[in-house]
Amino acid sequence: MENRRPLIAGNWKMFKTCSEAVEVAEQLVKLVNDMTDGVDVMIAPPFTALAPVSDIVRKSCVSLGAQNLFWENEGAYTGEISSAMLVSAGCRYVIIGHSERRQYFGETDEAVNKKIMAAIKNDLIPILCVGESEKERESKDTFSVLDKQVKNGLKDFVLDDLKTLVIAYEPVWAIGTGKTATSDQAQEIHLFLRSMLEKSFGNMLSKSTRILYGGSVKPDNVSELMAMPDIDGALVGGASLDPETFSKIVHFNK
Ligand code: PEP
């Protein structure tokens with residue numbers, strides 16, 4: 001895995017009120033605080049719980065992330081949240097282009113591109129999500145879909161911008177379905193994504209960029225996925241909502 005530090009990231013989606021989120025965060029911090037050396041841990045609660053959860057995780061090894069942002073810094077954009085606001089709420093990471101946003105909210109590659117730019121400008125670490133649908137996999141379009149999502153998502157960036165970039169490969173057919181890509185299937189795609197980075201931005205970035213796998217990651221499949229040379233971590237949805245279960249995923253190498 002070269003020198004890439006593993007990242008286990010939890011996407012809480014639209015789950016948990018403020019008090020529920022605080023309770024889960026408190027339990028999680030206790031369960032994973034031994035991991036400061038080996039693994040980066042991040043949780044992305046809903047916007048409303050960011051500030052209270054930030055108070056819980058601040059002095060722990062758990063980092064805070066958001067699930068989305070809007071690319072302007074401020075203005076008349078009712079209902080939107082800027083990257084500066086996320087930073088002020090304690091965020092270090094932001095998930096961008098999750099398939100649920102693409103699917104239900106019409107998020108385009110162009111929007112994803114602007115969001116990544118806004119994240120980088122405000123020193124947030126962007127987690128760019130890419131992945132093919134079941135139909136696209138069946139029609140053998142996986143590679144062309146990923147090629148387009150990555151090229152358009154990273155359009156007009158230069159090497160220097162992307163030093164913290166994280167990519168999450170999340171096959172849409174594996175999200176929340178209990179179906180996981182096999183570790184070989186995921187490895188093949190991760191290698192492809194890494195070679196795309198190499199072609200566009202050079203060897204150094206391709207070797208240093210963390211590529212996470214997401215899609216029904218659970219305690220019983222995480223170790224096999226993490227054993228693959230190009231899988232550097234996991235983006236975990238459902239299984240991140242329970243602190244005990246998520247902690248088992250964080251401890252994949254124990
Ligand atoms: C996700 O939401 O990014 C995800 C991978 O969900 P799940 O782990 O539930 O499949």
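This write-up is about the structure you can find in this document. Nothing here was measured: the structure is a model prediction, and the numbers come from that model.

The rules behind each value
- Residues numbered from 1 in each chain as written.
- Predicted model: local features only at pLDDT ≥ 70, side-chain atom pairs only at ≥ 80, totals over all residues.
- Heavy atoms only, no water.
- Helix = DSSP H or I, 4+ residues; strand = E, 2+ residues; numbered from the N terminus.
- Polar contact = N/O pair within 3.5 Å; in protein donor to acceptor, adjacent residues only side chain to side chain.
- 1 Å grid on protein atoms, 1.4 Å probe; cavity = no way out; pocket = protein on both sides within 12 Å on 5 of 7 lines; lining within 4 Å.
- Points joined across faces, edges and corners; volume = space filled by probe spheres on them.
- Nonpolar A, V, L, I, M, F, W, Y, C, P; charged D, E, K, R; others polar.
- Buried < 20%, exposed > 50% of the residue type's maximum accessible area, 1.4 Å probe, protein only.
- Near = heavy atom within 4 Å.
- Areas by Shrake-Rupley, 256 points an atom, 1.4 Å probe, with all protein chains shown as cover.
- Axes fitted to C-alpha atoms, helices over the stretch in contact; angles between N-to-C directions.
- Parallel < 35°, antiparallel > 145°, perpendicular 65-115°, else oblique.
- Left-handed = near helix turned anticlockwise from the far one by under 90°.
- Contact = heavy atoms within 4.5 Å.
- Salt bridge = Lys/Arg side-chain N within 4 Å of Asp/Glu carboxyl O.
- Arc of directions from axis to C-beta.

Looking at the side chain of T209
Line of reasoning, step 1. Within the secondary structure, T209 sits in the loop between α9 (203–208) and β7 (210–214).
Line of reasoning, step 2. For T209, the side chain forms a polar contact with the main-chain oxygen of L205, separated by 2.6 Å.

Concerning the layout of surface pockets
Line of reasoning, step 1. Quantified by volume, the largest pocket comes out at close to 500 Å³.
Line of reasoning, step 2. Lining the largest pocket are 18 residues; nearest its centre among them are K13, M14, Q67, E100 and F105.
Line of reasoning, step 3. Here the lining of the largest pocket takes six residues from helix α4 (residues 99–105), the largest share from any one element.
Line of reasoning, step 4. In terms of residue class, the lining of the largest pocket is made up of eight nonpolar, seven polar and three charged.

Focus on unusual backbone geometry
Line of reasoning, step 1. Despite not being glycine, K13 shows a phi value in the positive range, around 50°.
Line of reasoning, step 2. In this structure, K13 sits in the loop between β1 (7–11) and α1 (18–32).
Line of reasoning, step 3. K13 gets classed as buried once you look at its relative accessible area, which sits at 17%.
Line of reasoning, step 4. One non-glycine residue, K140, lies in the positive phi region at around 60°.

Concerning the site of the ligand
Line of reasoning, step 1. Lining the immediate surroundings of the ligand are 14 residues, of which K13, E170, G176, S216 and G237 lie closest.
Line of reasoning, step 2. In this structure, an oxygen atom belonging to the ligand sits 2.6 Å away from a main-chain N or O atom of G176.
Line of reasoning, step 3. A distance of 2.8 Å is found between an oxygen atom of the ligand and a backbone nitrogen or oxygen belonging to G237.
Line of reasoning, step 4. When the ligand sits alone it has 290 Å² of accessible area, and the protein chains cover 98% of it.
Line of reasoning, step 5. In the shell around the ligand, the residues fall into four nonpolar, eight polar and two charged.

Here we look at the packing of α1 against helix α2 (residues 50–57)
Line of reasoning, step 1. α2 packs onto α1 with a crossing angle of 20° between their chain directions and a minimal axis gap of 9 Å. Classed by the angle they form, the pair α1 and α2 counts as roughly parallel. Where α1 crosses over α2, the two elements pack in a sense that is right-handed. Facing α1, whose interface residues are C18, A21, V22, A25, E26 and V29, α2 presents P52, V53, I56 and V57.
Line of reasoning, step 2. The class makeup of the residues in the contact of α1 with α2 is nine nonpolar, no polar and one charged.

Here we look at the pattern of salt bridges
Line of reasoning, step 1. Under the counting rule described, the total for this entry stands at 17 salt bridges.
Line of reasoning, step 2. Residues K179 and E134 are paired through a salt bridge, measuring 3.1 Å at the closest nitrogen-oxygen approach. Of this pair, K179 sits in the loop between β6 (166–169) and α8 (183–201) while E134 sits in helix α6 (residues 134–138), and the two are 45 residues apart along the sequence.
Line of reasoning, step 3. What makes K179 partly exposed here is its relative accessible area of 40%.
Line of reasoning, step 4. E134 sits in the partly exposed class, given a relative accessible area of 37%.
Line of reasoning, step 5. Of the charged contacts in the structure, one is a salt bridge between K163 and D160, with a shortest N-O distance of 2.6 Å.

What to know about α2
Line of reasoning, step 1. Residues L50, V53, S54 and V57 constitute the buried set of α2. Down the axis of α2, the smallest arc covering the buried residues is 110°, so these residues share one side.
Line of reasoning, step 2. Buried positions along α2 lie against α1, β2 (40–44), β3 (62–66) and α3 (83–88).

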